[in-house]
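# Examining the three-dimensional arrangement
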Amino acid sequence: MSASGETAGAPVAAAARGATSDGITTRGLIVIIALYLVVAVAAPLLAMFEQSLRTYAFQLQDVEVQFQLPDGTWGEAHTLAHWQERLGTPLNDGLRPSERTRLQVSKLISKADRKDVELFRLRDMSEDKGMLLFDGTISTDDAWREVERSSLGKVLVRPISHVTLDNYLFYFETPSLRGSILNSLIVSLITMFIVVPLAFGFAYAITRSCMPAKGLFKTVAMVPILVPSLLPGIGLVYLFGNQGPLNTLLMGESIYGPIGIVIASVFFTFPHAFLIILVALSISDARLYEASIALRATRWRTFWTVTVPGARYGLISSAFVVFTLVITDFGVPKVIGGGYNVLALDIYKQVIGQQNFQMGAVVSMILLVPALVAFAVDRRVRRRQVALLSARAVPYAPTRNLRFDTTMLAYCALVSFFIVGILAMCQLAALFKFWPYDLSFSLKNYDFDRMDGGGWDSYGNSLRMAFYVAVIGTVIVFVGAFVVEKTRVFAGGRWLLQLLAMMPMAVPGMVLGLSYIFFFNHPENPLGFLYGTMAILVICTIAHFYTVAHLTATTSLKQMDREFESVSASLKQSVWKVFGRVTMPVCQPAILDIAIYMFVNAMTTVSAVVFLYRPQTTLAAVAVLNMDDAGDIAPAAAMGMMIFYTNVAARLLHAGAGRILGRRSQAWRQRG
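In what follows, the accompanying structure is described.

Thresholds applied
Residues numbered from 1 in each chain as written. Predicted model: local features only at pLDDT ≥ 70, side-chain atom pairs only at ≥ 80, totals over all residues. Heavy atoms only, no water. Helix = DSSP H or I, 4+ residues; strand = E, 2+ residues; numbered from the N terminus. Buried < 20%, exposed > 50% of the residue type's maximum accessible area, 1.4 Å probe, protein only. Contact = heavy atoms within 4.5 Å. Areas by Shrake-Rupley, 256 points an atom, 1.4 Å probe, with all protein chains shown as cover. Phe/Tyr/Trp six-rings, centres within 6.5 Å; stacked < 30°, edge-to-face > 60°. Salt bridge = Lys/Arg side-chain N within 4 Å of Asp/Glu carboxyl O. Expected span 1.5 Å × (residues − 1). Lys, Arg positive; Asp, Glu negative; His and termini not counted. Pairing = 2+ DSSP bridges. Axes fitted to C-alpha atoms, helices over the stretch in contact; angles between N-to-C directions. Parallel < 35°, antiparallel > 145°, perpendicular 65-115°, else oblique. Left-handed = near helix turned anticlockwise from the far one by under 90°. Nonpolar A, V, L, I, M, F, W, Y, C, P; charged D, E, K, R; others polar.

## So, the overall build of the protein chain
Counting secondary structure elements, the protein chain contains 24 helices and 12 strands. Once the C-alpha set of the protein chain is aligned to its principal axes, its extents read approximately 110 × 95 × 50 Å. Out of the 672 residues in the protein chain, the part that is buried amounts to 52%. The long-range fraction of contacts in the protein chain, counting pairs at least 24 apart against all pairs at least 6 apart in sequence, stands at 79%. Just so you have it, the protein chain exposes about 32,000 Å², and 62% of that area is on carbon and sulfur atoms.

Next comes the structure, spelled out in structure tokens:
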């Protein structure tokens, strides 16, 4: 080969090596992120489904017992089923056994039958063995084991597991459990029918009137997102409880139950519905209103023929979002639900109260059904709404109308008073010495280290976890969205990654948290060392909020012209060099939005982590729950307000960082 040929071939070979390196890196990242989502979402859900099918039963006919006779010989062998039948009492007091149920052999044989017997021997005749526990050791064969009279109480019988549908049959045959489905549907539908019109009116006032202080009202409407869902329940207890100043407004009814659940749910779901409807109303085409005026249609007719049809997809979508949020929420019914059972609360009661993990898994699978249906419908509606967004609509500009503007101002002030009123009550409750007997102000409720359920360490843990979730989650989500949206290798892997990224949105937090117990706590799982650590809280929280962050990132990436990739490819530039020098600066606002979204939700989340924390990793939102359980309601309100102020500070920091970084990386948006 000539010298010139070697010189010309070198860049080509270097470009080929670069392309190969890019391909390997991209494939590696797709595999790593997909593997994370499999471990963090898919595998735990599969483990929970398997547990929901697992039932436990005692097979006493497979355990034989012999008594040593006074002459030293062994008597006739009888099964435990024989002795239990002679005893004549219900097995396990008539309760269904679970994985953790154990029976003492000494209590299955009457005292009269084992009187004067000093030595027993037992053997496990079951097919798979493992029915007997001799002082903590599981039986593995059918050999006889001798047990002295004094040690018989230490021999336990374990239930044997089977894979059946019995757990589901039991659930639907039990009225108290089955009633939770109806209760959940009732409060979710009532809340939905209250919140959607309320949010529509608020968004309508913002987009269709010339009232003052629109920015202030929009800020107030978003406040509930910054607090855990437990906090409005606490505020309502102070306002409408037995000692509350507004108790008489309930006309003899109690705030503990469906009334309290609905009011508190209206509070925390309002901003979600408001945001969706606000977007839907903002994209209305002003030319339709001009045509309506030209046709001399009344305002009322214009409202029903132009405004409502234009926002119908937003209304439907917001309705399903509110329905899903309420039916999957755990915090509100836990604080103010009283004896009114709902599905999410049943999971907590089955797992924490009764240690019946299999029934908790059954309730979780049932809770997945409405969440999946709502998710599927919402996805379908949102796709159609995108098509509406692509139309060349002329932005609507409202005109002044004193009467209408004043009415809208009064309406927004009333709704804002409701939101701020609950929050102000929580703050006052945190500052009062002893409600309602000593209303002098004090900071003693902020002395969390002296309260049951969590101290200042919990608050520190929440800050640490939220920081880790914001940083690590943003990196994983944005890189994952980039390889899906902007690379062209490993099509199958990218499709799988996109599918896995959509899964978390349909999974309620309680369901995800419970599935982690089954998956990470399994003795054969090599990742079991993560259980009870801060790492598992971070993994779970990132997975819980992955989908919305992923959609935010892909939406931002789709705004970038594909010419960037084409030009960089023609210049033989690495994909990852373009990612660092072009993609990240252009998408900097979206990256910051993902980070603050992750941080705020990590500070307020309860449902996904309530099964996973340990004393050394207790979180602030969980501390609110524990303090409320312990009767320390004022300190619980104080901790809730600390979460609120932290999220406000984070929002302000986010706004400042966005402005500073925007001057450096977003100046191009101002050109032209």
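Having seen it, we continue.
## Topic: the packing of aromatic side chains
In this description, an aromatic ring pair is defined by two values, namely the gap between the centres and the angle between the planes. This structure, assessed with the given rule, holds 32 aromatic pairs. Ring geometry for Y204 against F404: centres 6.0 Å apart, planes inclined by 90°, an arrangement best described as edge-to-face. Here Y204 is found in helix α4 (residues 175–208), whereas its partner F404 is found in helix α14 (residues 402–431), with 200 residues between them in sequence. Side by side, Y204 and F404 carry an identical accessibility label, which is buried. Note on F478 and F579: the rings are 5.9 Å apart at their centroids and 40° apart in plane angle, and the pair reads as tilted. Residue F478 is found in helix α15 (residues 456–486), and its partner F579 is found in helix α21 (residues 575–586); the two are separated by 101 residues along the sequence.

## Quick look at the pattern of salt bridges
Per the stated rule, a full pass over the model turns up 5 salt bridges. Notably, a salt bridge pairs D113 with R86, separated by 2.7 Å at the nearest N-O pair. In this pair, D113 is assigned in the loop between β4 (103–104) and β5 (119–124) and R86 in helix α2 (residues 80–87), connecting sequence segments 27 residues apart.

## Here's the deal with helix α19 (residues 546–558)
The terminal C-alpha atoms of α19, which comprises 13 residues, lie 18 Å apart, in line with the 18 Å expected from a rise of 1.5 Å per residue. Along α19, the residues classified as buried are Y546, T547, A549, H550, A553, T554, S556 and L557.

## A word on the side chain of D329
Here D329 is to be found in the loop between α10 (312–328) and α11 (331–336). Salt bridges are absent for the buried D329, whose nearest opposite-charge side chain, K334, sits at 12 Å. In this structure D329 touches S229, F268 and A344, once residues within four positions along its chain are discounted.

## Topic: unusual backbone geometry
Positive phi is not limited to glycine here, since A213 has a value of about 60°. Tracing the chain through its elements places A213 in the loop between α4 and α5 (214–221). The phi dihedral of R296 falls on the positive side, at around 60°, and the residue is not glycine. Considering the arrangement of structural elements, one finds R296 in the loop between α8 (286–294) and α9 (299–310). On the basis of relative accessible area, R296 is assigned to the exposed category, the value being 76%.

## So, the sheet that holds β5
What holds strands together in a sheet is hydrogen bonding between their backbones, with the strands either parallel or antiparallel. Read from one edge of the open sheet, 4 strands run β3-β2-β5-β8, paired in antiparallel fashion. In this open sheet, the two strands that pair with only one neighbour each are β3 (78–79) and β8 (145–148). One ladder, built from 4 bridges, connects β5 with β8; its direction is antiparallel. Bridging across to β8, L122 finds its partner in R145.

## Re the packing of helix α7 (residues 258–282) against α10
Relative to each other, α7 and α10 sit at 160°, their axes nearing to 9 Å. The pairing of α7 with α10 is recorded here as roughly antiparallel in orientation. α10 is crossed by α7, and the crossing has right-handed handedness. Contacts between α7 and α10 involve S265, F268, T269, H272, A273, I276, I277 and A280 from the first element and G314, L315, S317, S318, V321, V322, L325 and V326 from the second.

## Quick word on helix α17 (residues 509–520)
The terminal C-alpha atoms of α17 lie 16 Å apart, and with 12 residues this matches the ideal 16 Å at 1.5 Å per residue to within 8%. Counting buried positions along α17 gives 12 out of 12 residues, so the element sits mostly inside the fold.

## What about the packing of α21 against helix α22 (residues 588–604)?
Remark: α21 packs on α22, axes separated minimally by 4 Å, with the N-to-C direction vectors making an angle of 65°. As the angle between them shows, α21 and α22 are arranged roughly perpendicular. Across the interface between the two elements, M584, P585 and V586 of α21 pack against Q588, P589 and I591 of α22. Grouping the constituent residues of the contact of α21 with α22 by class yields 5 nonpolar, 1 polar and no charged.

## So, the sheet that holds strand β9 (residues 155–157)
Read from one edge of the open sheet, 4 strands run β4-β9-β6-β7, paired in antiparallel fashion. Two strands bound the open sheet, and with one partner strand each, they are β4 and β7 (137–138). As defined by bridge partners, strand β6 (residues 132–134) adjoins β9 across 3 bridges and the pair is classed as antiparallel. Paired with L133 across the strands is L156, a residue of β9.

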